[in-house]
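A look at the structure
Each chain is listed here by its residues.
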Amino acid sequence: ETGVTQSPTHLIKTRGQQVTLRCSSQSGHNTVSWYQQALGQGPQFIFQYYREEENGRGNFPPRFSGLQFPNYSSELNVNALELDDSALYLCASSLRQPGGETQYFGPGTRLLVL
Amino acid sequence: GQQVMQIPQYQHVQEGEDFTTYCNSSTTLSNIQWYKQRPGGHPVFLIQLVKSGEVKKQKRLTFQFGEAKKNSSLHITATQTTDVGTYFCAGPDSGYALNFGKGTSLLVTP
C-alpha cells in the first residue's frame, strides 16, 4: 500500500450539485496531484499542489478547484456538477526533488453524477 | 501539447504466452513511468526509466526506453493470471504533471 488515502470511496450526486473529495498524502510527501479517470481512459491531470499553492493545471474548467493544507492533505472541489464529471478521481502524492518524482496513487473516489 | 500513445489497446493471451505493449510520445521525455491498474483498482507504480536506451527488469517484466527517449515498451514473459490489468505509460508534461497514455488492457486466460 502507498499510504495515500482518499474519502469517500464512492459518491452519488445530481447535476448542478457541488462535491468535495479528500486526500491524505503519504508521510513525508509535499506534493499532491489530482487526476480524473473516465471509464476506459488513462488518468487526466487536473492540477497539482506544492507547499499549499497550485503548481500546474490541466485542461479543466475553473469549477474544479483545490486546496492543500499545512499537513499536506488536500481537497478537490467541483461545483455545478455535470454528467460528464462521472469518473474515478485519483490523488497522487509525491516528494518534489531534482530529477523527477514518482507519484503514488490513492485508491480513488468513484463519483457518479445523475 | 504532448501526446502519449499506447498500442495495442487490448491484448488477450493464453497463460504462458508473452505480452508486449508499446508507448510512443510526441515529444522527447526526461523520463517515462509505467503503472499497472487492476480491474476496479488504482494505478500502481511499477518503474521509472530515465536514461536513453535503458533496460530494466523486474522478474518476468522487461522495460525499455528508446534511444531517442520518445518511446518505451513493456514485455512480460510467460504471462500469469495475476498479470491481468491495464498497463499505462506516463511521461512528465509541463511542470510535474504526468501525461498518461490510454493504456493496454491485458486479459490472461488459464
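Structural data are supplied above this passage.
In this text the structure is predicted, and so the values were computed from the model without any measurement. (Residues numbered from 1 in each chain as written. Chains lettered and ligands numbered in written order. Predicted model: local features only at pLDDT ≥ 70, side-chain atom pairs only at ≥ 80, totals over all residues. Heavy atoms only, no water.)

**Quick word on the overall build of chain A**
So the rule is basically this: Secondary structure elements are taken from DSSP: a helix is a run of H or I of four residues or more, a strand is a run of E of two residues or more, and numbering for both begins at the N terminus. Atoms considered for the radius of gyration are the C-alpha atoms alone. The globule rule reads 2.2 Å times the number of residues to the power 0.38. Burial classes follow relative accessibility: with a 1.4 Å probe on protein chains only, a residue under 20% of its type's maximum area counts as buried, one over 50% as exposed, and anything between as partly exposed. Here a residue-residue contact requires only that any non-hydrogen atoms of the pair lie within 4.5 Å. Accessible surface is estimated by sampling points in the Shrake-Rupley manner with a 1.4 Å probe; for residues, cover comes only from the protein chains shown.
Broken down by element type, chain A carries zero helices and 11 strands. Each helix and strand of chain A, placed in order from N terminus to C terminus, yields the pattern β-β-β-β-β-β-β-β-β-β-β. Relative to a compact globule of 114 residues, whose C-alpha radius of gyration would be 13 Å, chain A shows 13 Å and is just as compact. Referenced to the eigenvectors of the C-alpha coordinate spread, the extents of chain A come out at roughly 40 × 30 × 25 Å. Burial statistics for chain A: of 114 residues in total, 48% are counted as buried. Contacts spanning at least 24 positions in sequence make up 53% of the contacts within chain A whose residues lie at least 6 apart. As displayed, chain A has an accessible area near 5,500 Å², and 50% of this comes from carbon and sulfur atoms.

**Here we look at the interface of chain B and chain A**
Threshold: Buried area: the accessible area, evaluated with a 1.4 Å probe, that two parts lose upon being put together, summed over both parts. Think of a salt bridge as a Lys or Arg side-chain nitrogen and an Asp or Glu carboxyl oxygen that are within 4 Å of each other. Polar contacts, as used here, are pairs of N or O atoms within 3.5 Å; protein pairs need one atom able to donate a hydrogen and one able to accept it. Residues neighboring in sequence count only if both atoms are side-chain atoms. Under the scheme applied, nonpolar residues are Ala, Val, Leu, Ile, Met, Phe, Trp, Tyr, Cys and Pro; charged residues are Asp, Glu, Lys and Arg; polar residues are all the others, including Gly.
Contact with chain B, which involves 17 residues of that partner, is made by 20 residues of chain A. Buried surface at the junction of chain B and chain A, summed over both partners, amounts to about 1,600 Å²; 54% is from carbon and sulfur atoms. Scanning the region where chain B abuts chain A turns up zero salt bridges. Counting across the interface, chain B meets chain A through four residue pairs in polar contact (both at pLDDT 80 or more). Put simply, the parts of the chain that give the side of chain B that touches chain A at least two residues each are strand E4 (32-37), strand E5 (44-49) and strand E10 (98-100) of chain B. Ranked by the residues each element gives to the side of chain B that touches chain A, the list is headed by E4 of chain B, at three residues. Residues that form the side of chain B that touches chain A fall into these classes: eight nonpolar, eight polar and one charged.

**As for the sheet that holds strand E7 (residues 61-65) of chain B**
All names here are of chain B. Note the cut-off: For two strands to be treated as a pair, DSSP must find no fewer than two bridges joining them. To get an axis, fit a line to the C-alpha atoms, keeping to the stretch in contact for a helix; angles then go from 0 to 180 degrees between the N-to-C directions.
Ordered in space as E1-E3-E8-E7-E6, the five strands form an open sheet in which the pairing is antiparallel. A strand with exactly one partner marks an edge of an open sheet, and here the two such strands are strand E1 (4-7) and strand E6 (55-58). Strand-to-strand, the axes of this sheet are offset by a mean angle of 15 degrees, without reference to chain direction. By the bridge criterion, four bridges tie E1 to strand E3 (residues 19-25) in an arrangement that is antiparallel. Within the sheet, the bridge partner assigned to Met5 lies in E3 and is Asn24.

**A word on the nonpolar core**
Counted only if it meets this: Buried residues of nine kinds, namely Ala, Val, Leu, Ile, Met, Phe, Trp, Tyr and Cys, make up a nonpolar core once their side-chain atoms join them within 4.5 Å.
The biggest cluster of nonpolar side chains holds 20 residues, and the ones touching the most others in it are Ile32, Trp34 and Phe63 of chain B. The set of elements that each furnish at least two residues to this core consists of E3, E4, E5, E7, strand E8 (71-76), strand E9 (85-92) and strand E11 (104-109) of chain B. Not counting the four nearest positions on each side in its chain, Ile32 of chain B is found in contact with Cys23, Ile47, Gln48, Leu49, Phe65, Ser72, Cys89 and Ala90 of chain B. By size, the runner-up hydrophobic cluster in this structure holds 19 residues, among which are Phe47, Phe64, Tyr89 and Cys91 of chain A.

**Things to note about a nonpolar patch on the surface**
All names here are of chain A. The criterion, for reference: Note on patches: the residues involved have over 30% relative accessible area and no salt bridge, like charges join within 9 Å, and the nonpolar side chains Val, Leu, Ile, Met, Phe, Trp and Tyr join within 5 Å.
A contiguous nonpolar surface patch, about 300 Å² in accessible area, is contributed by Ile12, Leu112 and Leu114. For Ile12, the position within the fold is in strand E2 (residues 10-13). Of the residues examined, Ile12 reaches a relative accessible area of 58% and is grouped as exposed.

**Some remarks on the state of the cysteines**
Residues and elements named next belong to chain A. The test is simple: Note that a disulfide, as used here, is simply two cysteine sulfur atoms within 2.5 Å.
A complete count under the given rule lists two disulfides over all chains for this structure. Bridging Cys23 to Cys91, the disulfide has an S-S length of 1.8 Å. Its torsion about the S-S bond being 55 degrees, the disulfide of Cys23 and Cys91 is classed as right-handed. Of the two residues, Cys23 is situated in strand E3 (residues 19-24) and Cys91 in strand E9 (residues 87-94); the sequence distance between them amounts to 68 residues.

**Regarding the environment of Ile46 of chain A**
Residue and element names in this part refer to chain A. Mapping Ile46 onto the fold places it in strand E5 (residues 44-50). In the structure, Ile46 is positioned 44 residues away from Leu90 in sequence and 9.8 Å away in space, judged by C-alpha atoms. Ile46 has contacts with Trp34, Tyr35, Gln36, Arg57, Gly58, Phe60, Phe64, Leu76 and Tyr89, leaving out every residue within four places of it along the chain.

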